[in-house]
Amino acid sequence: MIITIQQHILQEQKRFPGASGEFSWLLSGITLATKMVQARVRRAGLTDILGEAGGEANIQGEIQQKLDVYANEALMHCLGARASVGVLASEENEHARVTAHDPEKANYAVVFDPLDGSSNIDVNVSVGTTFSILRRPEGIDPRDAAAWVLQPGSRQIAAGYVVYGSSTVLVYSVGNGVHGFTLDPAVGAFLLSHPNIRMPEQGKYYSVNEAYRDGFPPGYGAYIDRLRGGLLGPRYATRYIGSMVSDIHRTLLKGGVFMYPPTQEYPQGKLRLLYEANPIAFLVEQAGGVASTGRERVLDVLPTTIHQRTPLIVGGRIEMAEFARCCVN
Ligand code: AFP
């Protein structure tokens, strides 16, 4: 049976008696925006839009716009028009923004990275969008945008990503398992292709930028050597795309471990807590895997700033148990 994402969201909604449908309407804003983004990504090599944002006019006389700026505008526009959305925070904007006319009546904040891995676009490597949805916390001033989003990841009510790869795949969870949908470009609908994704307990790949190995904290080098040396069973091979959503998508489906540890250049890690690590950790846990900062569960971190960085290590139960023995102190 063919199930579209809209049908799936409506089915999920039935689990919550009395649900008004506003949350489903919010999610439809994300699917609309990401369809707009994927259409642009698919034409990136053709339309000469890879110039700098706000840069020169192209041959048609239009102002060139970088794809990550376009993706940001698409999400801001599609979500900003939903009355249930009070606050939007994006990797592309310095501050979280109150978008609702009447924030007292809005219930949700959406935090997103509109186009992660965008430095890969001009060499035709997959990129992605990540998003995290939070409910407005009790007792805050609804006009204080930061207060909406500075919540630990364990409070996310939904999260997901879209990978613009050999096909466009949207993976999301509302806390009831993880489900993947592939865009059928002929009809413009996301169709259920990966119901109930479960992460394998053990895979055969580790995914890390090993060029930074000398700067990793103690234990990481030995952990990698154990994976490579077959101490967990298989001798692990490396896969590292350098586009987080793509590396995570493979890890979620095929198993293994993905790491972006602290490095010399990024002692706090490179990835962003609110819109990269948190949605990924939510999905990974929902799929039966483990997500750590190297010190604690990602979803337990209480953020203090919107763009704060964190180390991120995610993997199957077996890889993460060994990681805890080698690296967590
Ligand atoms: P860009 O958006 O600048 O391409 O960065 C991508 C990213 O944030 C993430 O998607 C990758 O996992 C990570 O950086 C790769 O970083 P390294 O090049 O340092 O390995």
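Above this text is the structure in question.
Residues numbered from 1 in each chain as written. Predicted model: local features only at pLDDT ≥ 70, side-chain atom pairs only at ≥ 80, totals over all residues. Heavy atoms only, no water.

A.B. asks: How would you sum up the sheet that holds strand β11 (residues 257–260)? Please name residues and give values.
C.D. replies: The strand order across the open sheet built from five strands is β10-β9-β11-β15-β13, with neighbouring strands paired in mixed fashion. The two strands at the open ends of the sheet, each matched to only one other strand, are β10 (237–238) and β13 (290–292). Of the pairings in the sheet, the one linking strand β9 (residues 205–207) to β10 comprises two bridges and is parallel in character. Residue Tyr205 lies in a different strand from β10, and its bridge partner there is Ala237. Sheet contacts for helix α6 (residues 220–229): β9, β11 and β15 (312–315); angle to β11, the most-contacted strand, approximately 155°. (Pairing = 2+ DSSP bridges. Helix = DSSP H or I, 4+ residues; strand = E, 2+ residues; numbered from the N terminus. Contact = heavy atoms within 4.5 Å. Axes fitted to C-alpha atoms, helices over the stretch in contact; angles between N-to-C directions.)

A.B. asks: Quick rundown of the sheet that holds strand β4 (residues 127–135)? Include the residues and the values.
C.D. replies: An order of β2-β1-β3-β4-β5-β6-β7-β8 is seen for the eight strands of this open sheet, with the pairing classed as mixed. Every other strand in the sheet has two partners, leaving β2 (97–98) and β8 (189–194) as the edge strands with one partner each. Where β4 and strand β5 (residues 156–164) come together, eight bridges link them in antiparallel fashion. Bridging across to β5, Thr129 finds its partner in Val162. The strands touched by helix α2 (residues 22–42) within the sheet are β1 (85–90), β3 (108–116), β4, β5, β6 (168–173), β7 (179–184) and β8, with β5 carrying the most contacts at an inclination of about 15°. Each of β3, β4, β5, β6 and β8 is contacted by helix α7 (residues 244–254), which is oriented at about 105° to β5, the strand it contacts most.

A.B. asks: Give a description of the pairing of β1 that names residues and reports values.
C.D. replies: Remember that side chains alternate between the two faces of the sheet whenever the strand is regular. Taken across its six residues, β1 has six buried, putting it largely inside the fold. Across five bridges, β1 lies against β3 in parallel orientation. Pairing of Ala89 across the sheet is with Val111, part of β3. The pairing of β1 with β2 spans two bridges and is classified as antiparallel. Its bridge partner lying in β2, Val87 is registered against Val98. A loop of six residues connects β1 with β2, the two strands running antiparallel in sequence. (Buried < 20%, exposed > 50% of the residue type's maximum accessible area, 1.4 Å probe, protein only.)

A.B. asks: Can you lay out the layout of surface pockets for me, pointing to particular residues and giving the numbers?
C.D. replies: If you add up the space inside the largest pocket, you get close to 450 Å³. Those elements that provide at least two residues to the lining of the largest pocket are β3, α7, β11 and β12 (271–272). Ranked by residue count, the leading element in the lining of the largest pocket is β3, at three residues. Of the residues in the lining of the largest pocket, the class split is seven nonpolar, six polar and 10 charged. Approximately 320 Å³ is the volume found for the second largest pocket. (1 Å grid on protein atoms, 1.4 Å probe; cavity = no way out; pocket = protein on both sides within 12 Å on 5 of 7 lines; lining within 4 Å. Points joined across faces, edges and corners; volume = space filled by probe spheres on them. Nonpolar A, V, L, I, M, F, W, Y, C, P; charged D, E, K, R; others polar.)

A.B. asks: With reference to specific residues and values, describe the site of the ligand.
C.D. replies: Inspection of the region around the ligand gives 13 residues, with Asp116, Ser119, Tyr240, Met244 and Tyr260 positioned closest. In the environment of the ligand, an oxygen atom lies 3.0 Å from a nitrogen or oxygen atom belonging to the backbone of Gly117. Considering only residue class, the shell around the ligand consists of five nonpolar, six polar and two charged. (Near = heavy atom within 4 Å. Polar contact = N/O pair within 3.5 Å; in protein donor to acceptor, adjacent residues only side chain to side chain.)

A.B. asks: Before we move on, could you go through the pattern of salt bridges and cite the residues and values that matter?
C.D. replies: Under the criterion given, the structure shown has nine salt bridges. Measuring nitrogen to oxygen at the nearest pair gives 3.4 Å for the salt bridge that ties Lys105 to Asp102. Counted as one network, the salt bridges with shared partners bring together Glu210, Arg213, Asp225 and Arg228. (Salt bridge = Lys/Arg side-chain N within 4 Å of Asp/Glu carboxyl O.)

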